[in-house]
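# Inside the fold
Chain by chain, the residues run as shown.
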Amino acid sequence: MYYYWYGLFFIFEKKTLQEISFESNFTPRDLQAAYMAHVKIMSYKRIVFMISVGILLMLCGATLLLLHRNGNNNNFLAWFFLFYGIFIPLFYFWRLNRMGKTAFKKLVDLHYVFHTSIDENGISTKSKSINSESKWEHFSQALITNNVILLYPNKLKFVIICRRFLSDNDFTVIAGLVLLKVQKTRDKRK
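For the structure given in this document, a descriptive report is provided here. (Residues numbered from 1 in each chain as written. Predicted model: local features only at pLDDT ≥ 70, side-chain atom pairs only at ≥ 80, totals over all residues. Heavy atoms only, no water.)

Another aspect to go through is the sheet that holds strand S4 (residues 114–118). Across the sheet, four strands lie side by side as S3-S4-S5-S6; this open sheet has antiparallel pairing. In this open sheet, the two edge strands, each paired with only one partner strand, are strand S3 (20–24) and strand S6 (131–135). Along the sheet, successive strands turn relative to each other by an average axial angle of 15°, direction set aside. Pairing analysis gives five bridges linking strand S5 (residues 122–126) to S6, with the strands arranged antiparallel. Residue pairing in the sheet places Lys 126 in a bridge with Asn 131 of S6. Where helix H5 (residues 168–181) meets the sheet, it contacts S3 and S4, and its direction lies at approximately 110° from that of S3. (Pairing = 2+ DSSP bridges. Helix = DSSP H or I, 4+ residues; strand = E, 2+ residues; numbered from the N terminus. Axes fitted to C-alpha atoms, helices over the stretch in contact; angles between N-to-C directions. Contact = heavy atoms within 4.5 Å.)

Next up, the structure:
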């Protein structure tokens, strides 16, 4: 028996879930979408921290410039703080927006086609170099968005299930199964 969320209502169905199988061939765009969902929802504190560090450095630099504006021409530290106050957040967001391409280049296993099966017992994934079976208890938390489901075995790693590889009904059923089986699930669908 499984339950899934559809709009404002829970839908209860008294039948066992048939195995849902699909093939996925990830692209850098898929990885980028998954990583951006992860950062925006699961680790947004990092974004706030980087912006705060940038603002703090710029304020320190501006304060030093104002304090030493009349006498000493040696304002290296003030300009250093101003430069890095601008550079650090810009560099962070540039890296953030390139993470999908970077991960796709480094993780050669993602270049192969994945054959994934999902049922009430867990997830089975096979490709040219990977053969993995994970039970639902293995995942400590999950994130469901409109386009992707992320399953976390720990805080830094996640399994990606993209909507574009599934029909709308299969994606909804898998999302409902994740809501039922994974303890800490954040459903951010609109």
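Back to the write-up after that little detour.
Tracing the sequence through the fold places Thr 145 in the loop between strand S7 (141–144) and strand S8 (148–152). Judged by relative accessible area, Thr 145 falls into the buried class, the value being 11%. Residues contacting Thr 145, with those up to four places away along its chain left out, are Ala 37, Ile 41, Phe 171, Lys 188 and Arg 189. (Buried < 20%, exposed > 50% of the residue type's maximum accessible area, 1.4 Å probe, protein only.)

Next up on the list: H5. In this model H5 runs 20 Å from its N-terminal to its C-terminal C-alpha over 14 residues, within 8% of the 20 Å that 1.5 Å per residue would give. Every buried residue belonging to H5 is among Phe 171, Thr 172, Val 173, Ile 174, Ala 175, Gly 176, Leu 177 and Val 178, and all of these are buried. (Expected span 1.5 Å × (residues − 1).)

A few words now on the environment of Ile 47. Mapped onto the secondary structure, Ile 47 falls in helix H2 (residues 44–67). If sequence neighbours within four positions are ignored, Ile 47 has contacts with Val 39, Tyr 92 and Phe 93.

Moving on, we come to the environment of Phe 104. Within the secondary structure, Phe 104 sits in helix H4 (residues 99–106). The class of Phe 104 is buried, set by a relative accessible area of 16%. Placed 77 residues apart in sequence, Phe 104 and Thr 27 show a C-alpha to C-alpha distance of 7.3 Å. In contact with Phe 104, not counting residues within four places along its chain, are Phe 26, Thr 27, Pro 28, Leu 31, Leu 110 and His 111.

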